[in-house]
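Each chain is listed here by its residues.
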Amino acid sequence: QVHLVESGGGLVQAGGSLRVSCAASGGIFRNYGAAWFRQAPGKEREFVAAISGLGALTTYADSVKGRFTISRDNAKNTVHLQMNSLKPEDTANYYCAAKRDYGLGYFKRDEYDFWGQGTQVTVSS
């Protein structure tokens, strides 16, 4: 089984940048597609970005396209989300997810088999 641990969350001012990271253990990491989701208080968990097993394909939610970049380093078993031009509405707990196949995933939570515990990102105005 795959274990995922997020890190890098914190407090940042609007317009600033932050990078959250996900460290994976177990399995052969390049065989797993990965994604980031986020959940704000009182809201449903929502899709942010996804990346295929070798990193060639990515997709983003419209709300973050052009501001966020997902990447992965399979040699280090890590997935990253670089967040630029942050807005207060980006405030949420950010979760890393992985699925058992290496194809590009999409926005449905049930596509993903493994989840981290989240890291909090707070954007102040």
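Just above sits the structure.
Summary of the structure given here. (Residues numbered from 1 in each chain as written. Predicted model: local features only at pLDDT ≥ 70, side-chain atom pairs only at ≥ 80, totals over all residues. Heavy atoms only, no water.)

**Structural notes on the overall build of the chain**
For the chain, the helix and strand inventory stands at zero helices and 11 strands. Along the chain, from the amino end to the carboxyl end, the secondary structure elements read β-β-β-β-β-β-β-β-β-β-β. Structurally, the chain occupies a C-alpha span of about 40 × 25 × 25 Å along its principal axes. Expressed as a percentage of the 125 residues in the chain, the buried residues total 46%. (Helix = DSSP H or I, 4+ residues; strand = E, 2+ residues; numbered from the N terminus. Buried < 20%, exposed > 50% of the residue type's maximum accessible area, 1.4 Å probe, protein only.)

**Details of the packing of aromatic side chains**
Following the criterion strictly, the structure yields seven aromatic pairs and no others. Ring centres 6.0 Å apart and planes at 75 degrees place the aromatic pair Tyr-32 and Phe-114 in the edge-to-face group. Pair noted here: Tyr-32 is in the loop between strand E3 (18-25) and strand E4 (33-39) and Phe-114 is in strand E10 (residues 114-115), with a separation of 82 residues, a long-range link. Tyr-32 gets classed as buried once you look at its relative accessible area, which sits at 11%. Of the residues examined, Phe-114 reaches a relative accessible area of 9% and is grouped as buried. Each member of the aromatic cluster is reached from another via a ring pair, and the members are Phe-37, Phe-47, Tyr-106, Phe-107, Tyr-112 and Trp-115. One cation-aromatic arrangement involves Arg-45 over Tyr-95; the distance from NZ or CZ to the ring centre is 3.7 Å. When the ring centre of Phe-29 is taken as reference, the NZ or CZ atom of Arg-72 above it lies at 4.4 Å. (Phe/Tyr/Trp six-rings, centres within 6.5 Å; stacked < 30°, edge-to-face > 60°. Lys NZ or Arg CZ within 6 Å of the ring centre and 35° of its normal.)

**Things to note about the sheet that holds strand E7 (residues 68-73)**
Strand order across the open sheet formed by four strands is E1-E3-E8-E7, with antiparallel pairing between neighbours. Looking at which strands have only one partner, the edges of the open sheet turn out to be strand E1 (3-7) and E7. Here the average twist between neighbouring strands, direction ignored, is 15 degrees. Here five bridges tie E1 to E3, and the two strands are oriented antiparallel to one another. Within E3, the position partnered with His-3 by the bridge is Ser-25. (Pairing = 2+ DSSP bridges. Axes fitted to C-alpha atoms, helices over the stretch in contact; angles between N-to-C directions.)

**Considering the pairing of E4**
Counting buried residues along E4, six of its seven residues qualify, which places the element largely inside the surrounding structure. As paired elements, E4 and strand E9 (residues 92-99) share seven bridges and run antiparallel to each other. Bridge assignment links Phe-37 to a residue of E9, and that residue is Tyr-95. The pairing of E4 with strand E5 (residues 46-51) spans five bridges and is classified as antiparallel. Looking at E5, one finds that Ala-34 is bridged to Ile-51. Where E4 folds back onto E5 in an antiparallel hairpin, the turn is made up of six residues, including Gly-42, whose phi is positive at roughly 75 degrees.

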